[in-house]
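# Commentary on secondary and tertiary structure
Letter by letter, the chains look like this.
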Amino acid sequence: MSLSQSNIAKAVRSFSIQAKELNGAYLERKQEVSLLQVSLISSQPLVFLGLPGTGKSAIVNTFAQTLASGKKSSDIIDFYQYLLSKYTTPAEIFGIQSVKELRENDRFVINPAGKLPQARIAFLDEVFKANSATLNSLLTILNEKQFDDGTGVRKDVPLEMMVGASNEMPEEGEGLEALWDRFVLRQVVVDIERDDSFLSLLTGQGIGKVSCKVDREDVLCLRVLASQVDVSKVLPAFLDLRQAMATAGIRVSGRKWCKAIEVVKAVSALKGRSVASNSDLGVLSAVLWEQPDQIDAIRQMLSQFASDDVKVAMQIADAAREAFQGLERQGDSVTIKALGMTKRILRDLLAKADALDATEDAVCEAIELIKEFQGGIKRLTLGSIGRS
């Protein structure tokens, strides 16, 4: 596929609209949405870890629905999902034995029609419930993008994106280490935290609808761009990060570092860039950890590579959050004067954020956060007027 600036701009815009709509429908899930996009472009497996009821399955399903179908083929399905348990048999995931082949050719051949080996995008819920009988075939698909159908010759599969979900980390001693290692992108999904998000969840007010479609051509465009991204400028940061990880006692395999480069390329492509920069490295906080208690330490290591605009944006977001939460703590006793003062603070912070590099995710997130708080002030103002 040939690249042009117009094609790249169209693709970036399409994914930006997708992210905006998904973030409007799934509150406090910006990181999850971003990682789904990165997984799609990089073709690196992603796993969501979190307690039941945090919306893991819902957001994956909605994300898949926003992707326009590719070229129709009887051998390819756009989206496949399955809930695993320790009793799940390989036939449920990979297909049943072909009776025709057995009868006519005396061969044990798997017919994968409508199953995982034919999927372009796959979602396996409770993926770490996979038993040993299922595990080997699953690892082969994740590793080599191939499937042994019983003929003795491995067949290529069309899998482009694999998402797993689990309520818990895989248990040690269960033989799941290899499967866990294959999920390059990892995200711990938590319950929503902000009061305004909680109220929106209860009332449905402020919850957006998802109606966008990302064209197949846009996906292919950014994949081609990602394959061509120049990473030379981030290699010194990788060296520094490798040393910092070793000092902290966090082991990262050579294979994982290679996958990390592919992930960074995808982040750059989603921004429409052909050259990776240090500002694209933040995604590695979802790549390099083995245990959740390592995440904060890795984020701290990555913060040293952030651009000045990103650092300022983070400070602006913190100031906006502190100002708005101060109002929320006042509850029904909040005054019109306090609302007006916070409104002016947010307006000034928004002006500062608008002057920063809008291609940086942290800048966009700070701007969106301030606008959310400004909407919250409108609601608080109306409530205060109603009580007076």
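Please refer to the structure higher up on the page.
The sections below set out a description of the structure shown in this document. Values in this document were obtained by computation on a predicted structure and should not be read as measured data. (Residues numbered from 1 in each chain as written. Predicted model: local features only at pLDDT ≥ 70, side-chain atom pairs only at ≥ 80, totals over all residues. Heavy atoms only, no water.)

## As for the overall build of the protein
When its secondary structure is counted, the protein shows 15 helices and nine strands. For the protein, whose C-alpha radius of gyration is 23 Å, the value lies close to the compact-globule estimate of 21 Å for 388 residues. If you take every contact in the protein between residues at least 6 apart in sequence, the share linking residues at least 24 apart comes to 76%. As displayed, the protein offers around 19,500 Å² of accessible surface, 53% of which is attributable to carbon and sulfur atoms. (Helix = DSSP H or I, 4+ residues; strand = E, 2+ residues; numbered from the N terminus. Rg over C-alpha atoms; globule rule 2.2 N^0.38 Å. Contact = heavy atoms within 4.5 Å. Areas by Shrake-Rupley, 256 points an atom, 1.4 Å probe, with all protein chains shown as cover.)

## Some details on a negative patch on the surface
Taken together, Glu 171, Glu 172, Glu 174 and Glu 177 make up a surface patch of like negative charges. When you line up the elements, Glu 171 lands in the loop between β8 (161–166) and α7 (177–182). (Patch = residues over 30% accessible without salt bridge, like charges linked within 9 Å, V, L, I, M, F, W, Y side chains within 5 Å. Salt bridge = Lys/Arg side-chain N within 4 Å of Asp/Glu carboxyl O. Lys, Arg positive; Asp, Glu negative; His and termini not counted. Charge placed at Lys NZ, Arg CZ, Asp CG, Glu CD.)

## What to know about the packing of helix α2 (residues 30–42) against helix α3 (residues 56–65)
Contact pair α2 / α3: the axes reach a minimum separation of 11 Å and the direction vectors enclose 50 degrees. Considering their axes alone, α2 and α3 lie oblique with respect to each other. Judged by the sense of rotation from one axis to the other, the crossing of α2 with α3 is right-handed. For the pair α2 and α3, the contacting residues are Glu 32, Val 33, Leu 36, Gln 37 and Leu 40 in the first and Ile 59, Val 60 and Phe 63 in the second. Across the contact of α2 with α3, the residue classes break down as six nonpolar, one polar and one charged. (Axes fitted to C-alpha atoms, helices over the stretch in contact; angles between N-to-C directions. Parallel < 35°, antiparallel > 145°, perpendicular 65-115°, else oblique. Left-handed = near helix turned anticlockwise from the far one by under 90°. Nonpolar A, V, L, I, M, F, W, Y, C, P; charged D, E, K, R; others polar.)

## Some words on the packing of aromatic side chains
Here the structure, examined in full by the defined rule, presents seven aromatic pairs. Ring geometry for Phe 238 versus Trp 257: centroids 5.8 Å apart, planes at 65 degrees, classification edge-to-face. One end of the pair, Phe 238, is in helix α10 (residues 235–247); the other, Trp 257, is in helix α11 (residues 254–270), and 19 residues separate them in sequence. With respect to class, Phe 238 is no different from Trp 257; both count as buried. A ring pair is formed by Phe 324 and Phe 373, whose centres lie 4.6 Å apart and whose planes are at 10 degrees; its orientation type is stacked. Taken together, the residues span a long stretch of sequence, with Phe 324 in helix α13 (residues 308–330) and Phe 373 in helix α15 (residues 361–387) at a distance of 49 residues. Side by side, Phe 324 and Phe 373 carry an identical accessibility label, which is buried. In textbook terms, an aromatic cluster arises when at least three aromatic residues are bridged by ring pairs, as seen for Phe 128, Trp 180, Phe 183 and Trp 289. Here the guanidinium or amino end of Arg 186 rests over the ring plane of Trp 180, the centre of that ring lying 3.8 Å away. (Phe/Tyr/Trp six-rings, centres within 6.5 Å; stacked < 30°, edge-to-face > 60°. Buried < 20%, exposed > 50% of the residue type's maximum accessible area, 1.4 Å probe, protein only. Lys NZ or Arg CZ within 6 Å of the ring centre and 35° of its normal.)

## Description of the sheet that holds strand β9 (residues 185–188)
One open sheet holds the five strands; their spatial order is β2-β5-β8-β1-β9, and the pairing between them is parallel. The open sheet has two edge strands with one neighbour each: β2 (77–83) and β9. Each neighbouring strand pair of the sheet contributes to a mean axis angle of 15 degrees, computed without reference to strand direction. Relative to β8, strand β1 (residues 46–49) is paired through four bridges, and the arrangement is parallel. In the strand pairing of β8, Val 47 is matched with Gly 164. α2 contacts β1, β5 (119–125), β8 and β9 of the sheet and is inclined by roughly 165 degrees relative to β9. (Pairing = 2+ DSSP bridges.)

## Thoughts on helix α12 (residues 295–303)
Listing the buried residues of α12 in full gives Ile 295, Ile 298, Met 301 and Leu 302. Projection of α12 onto a plane perpendicular to its axis shows the buried side chains occupying an angular sector of 120 degrees, all on one side. Exposed positions of α12 whose direction lies more than 90 degrees from the buried face are Asp 296 and Gln 300. (Arc of directions from axis to C-beta.)

## Description of the pattern of salt bridges
Counted according to the given criterion, the structure contains 21 salt bridges. For Arg 347, the salt bridge identified is with Asp 348, shortest N-O distance 3.9 Å. Judged by relative accessible area, which is 43%, Asp 348 ranks as partly exposed. Salt bridges here are not isolated pairs; linked through shared partners, they connect Asp 78, Arg 120, Glu 160, Arg 216 and Arg 223.

## Observations regarding the nonpolar core
Ranked by internal contacts, the top residues of the largest apolar core, which has 91 residues, are Leu 179 and Leu 284. For this core, the element with the highest residue contribution is α11, accounting for nine residues. In contact with Leu 179, not counting residues within four places along its chain, are Val 127, Phe 128, Leu 135, Leu 138, Leu 139 and Leu 142. Core analysis: the second largest hydrophobic core is formed by 21 residues, Ala 320, Phe 324, Leu 349 and Ile 377 among them. (Core = buried A, V, L, I, M, F, W, Y, C linked by side-chain atoms within 4.5 Å.)

## Some remarks on the state of the cysteines
Applying the stated criterion across every chain, the model contains zero disulfides. Free of any disulfide, Cys 212 has its nearest neighbouring cysteine sulfur in Cys 364, separated by 17 Å. Residue class for Cys 212 comes out buried when judged on its relative accessible area of 11%. Here Cys 221 stays free of any disulfide, with the sulfur of Cys 212 as its closest cysteine sulfur at 17 Å. (Disulfide = S-S within 2.5 Å.)

Read these as layout, nothing more, since geometry by itself doesn't imply function.
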